[in-house]
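Listed below, chain by chain, are the residues.
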Amino acid sequence: MSATETAIASAEAHSAHNYHPLPVVVASAEGAWMTDVEGRRYLDLLAGYSALNFGHGNRRLIDAAKAQLERVTLTSRAFHHDRFADFCTRLAELCGMEMVLPMNTGAEAVETAVKTARKWGYRVKGVPDGMAKIIVASDNFHGRTTTIISFSTDPEARADYGPYTPGFEIVPYGDLTALREAMTENTVAVLIEPIQGEAGVLVPPAGYLPGVRELTRERNLLFIADEIQSGLGRTGKTFACEHEGVVPDMYVLGKALGGGVVPVSAVVSSADILGVFRPGEHGSTFGGNPLACAVALEVIAMLRTGEYQERAAELGDHLHRELGLLAGGGAVEAVRGRGLWAGVDIAPALGTGRQISERLMEERVLVKDTHGSTIRIAPPLVISKEDLDWGLDRLRTVLSA
Ligand SMILES: *Cc1c(COP(=O)(O)O)cnc(C)c1O
């Protein structure tokens, strides 16, 4: 057996099969490239679902992590540490908000957003105890906890995990009329992704996000934007909401916030809203730890200059132009997305998204299928134009075979 086959057989024997990875075993990575255990190099067009916006082994991020590793890595929130205030201040500033509640994974940040909205509903809005409702969208992806999958519309993500957490109302994504009709006096928040990543990089119709903003303001409820995948440069702006000139009441961040080094997530909002928490009412042992703060501070510093956003916008224009040409040819049925982020619907006759991903892997390009015949392209924002073009060439080869 090859080193690849041995590693995969062993992983299959000793790990739960809750994933179906492509048959490549990565040993090292740099920038937009990964090298497998047999020395083959692959172009990474997934970037850890946007957790690797700044590329593999980014020098600034690795140096920040190394320096912090030598000082102090964990204190728990029982004590203050000297990176915490800076992290919260800078992140709030980047978001144009006032307060930060740090967690670790995206799902934890979404859970935090849900708890915040409910508490705000009872304490500030005056919703009767136990009656708070949160409106979410169909085809959402907000994480994997029991509460979050309770309001998923994906049977794979949801089946067999009941009893489900009540208090959520699901309306079709992009439909403002349905949203308005679902709102009652007990609604405390609308939780949506400004672009739905897992659903296939679905961009809502123009005017949807401003409409959500208007309705939530009118009805005195919170607009929570899950920007865990869409945020922090991916779409050519710091936040996907910016494309529509919208500022939500709360950002939920994760993935790229940890620079591909450590899991870092956060809820960022106003003092009115995050001010509902008192000591002991919510928390996490690892949330806001010194190592996480040090890496995230460097991520925030990198985003402050706007250079990554600009790069994502420029390369994104190029990516969408090239994919647009493919869409005329019959092999590609539709292309969606913004910035360096695209969902590509392959003509089903050419194979499933999985089969296309496997053929691309043979061409040394790594992507991930979403549902059906859709593949998602989301390279690290540091990818060179030459490498991106090389990847697009490989895609053309696979689609014309
Ligand atoms: C990935 C993701 C999450 C969940 O993040 P985890 O770190 O995997 O828990 C939540 N929302 C969106 C939009 C995501 O893309």
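The shown structure was predicted, so the numbers you read here are calculated from the model rather than taken from an experiment.

Participant: Explain the overall build of the chain here, please?
Facilitator: Of the regular secondary structure elements, the chain holds 14 helices and 15 strands. What you see for the chain is a C-alpha radius of gyration of 21 Å, in line with the 21 Å of a compact globule of 401 residues. Along the first, second and third principal axes, the C-alpha set of the chain runs to 60 × 55 × 45 Å. Counting only residues that meet the buried cut, the chain has 53% of its 401 residues in that class. The contacts in the chain between residues at least 6 apart in sequence include a share of 71% that link residues at least 24 apart. Just so you have it, the chain exposes about 17400 Å², and 51% of that area is on carbon and sulfur atoms. Measuring between centres, the 38 positive side-chain charges of the chain sit 3 Å from its 50 negative side-chain charges.

Participant: Which parts of the structure should I look at to understand the site of the ligand?
Facilitator: Near the ligand the following residues occur: Thr105, Gly106, Ala107, Phe141, His142, Gly143, Glu193, Asp226, Ile228, Gln229 and Lys255. At 2.8 Å from an oxygen atom of the ligand is found a main-chain nitrogen or oxygen belonging to Gly106. One of the backbone nitrogen or oxygen atoms of Ala107 is found 2.8 Å away from an oxygen atom of the ligand. The fraction of the free accessible surface of the ligand (390 Å²) that becomes covered by protein chains is 82%. For the shell around the ligand, the class distribution of residues is three nonpolar, five polar and three charged.

Participant: Just to check I follow, could you spell out the side chain of Thr4 for this structure?
Facilitator: Of note, Thr4 is situated in helix 1 (residues 3-14). One polar contact links Thr4 to Glu38, side chain to side chain, over a distance of 2.2 Å. In this view, Thr4 contacts Pro23, Val25, Asp36, Val37, Glu38 and Arg40; residues no more than four positions away in its chain are not counted.

Participant: Sorry if this is basic, but what is going on with the nonpolar core here?
Facilitator: A general trend in soluble globular proteins is that nonpolar side chains are found buried together. Residues Phe87, Leu91, Leu253, Val268, Leu323, Ile377 and Leu395 are the most contacted members of the largest nonpolar core, which totals 80 residues. The element best represented in this core is helix 11 (residues 290-304), accounting for ten residues. Beyond its immediate stretch of four places on either side in the chain, Leu253 contacts Leu91, Cys95, Ala109, Glu227, Ile228, Leu232, Phe239, Ser265, Ala266 and Val268.

Calculation notes
- Residues numbered from 1 in each chain as written.
- Predicted model: local features only at pLDDT ≥ 70, side-chain atom pairs only at ≥ 80, totals over all residues.
- Heavy atoms only, no water.
- Helix = DSSP H or I, 4+ residues; strand = E, 2+ residues; numbered from the N terminus.
- Rg over C-alpha atoms; globule rule 2.2 N^0.38 Å.
- Buried < 20%, exposed > 50% of the residue type's maximum accessible area, 1.4 Å probe, protein only.
- Contact = heavy atoms within 4.5 Å.
- Areas by Shrake-Rupley, 256 points an atom, 1.4 Å probe, with all protein chains shown as cover.
- Lys, Arg positive; Asp, Glu negative; His and termini not counted.
- Charge placed at Lys NZ, Arg CZ, Asp CG, Glu CD.
- Near = heavy atom within 4 Å.
- Polar contact = N/O pair within 3.5 Å; in protein donor to acceptor, adjacent residues only side chain to side chain.
- Nonpolar A, V, L, I, M, F, W, Y, C, P; charged D, E, K, R; others polar.
- Core = buried A, V, L, I, M, F, W, Y, C linked by side-chain atoms within 4.5 Å.

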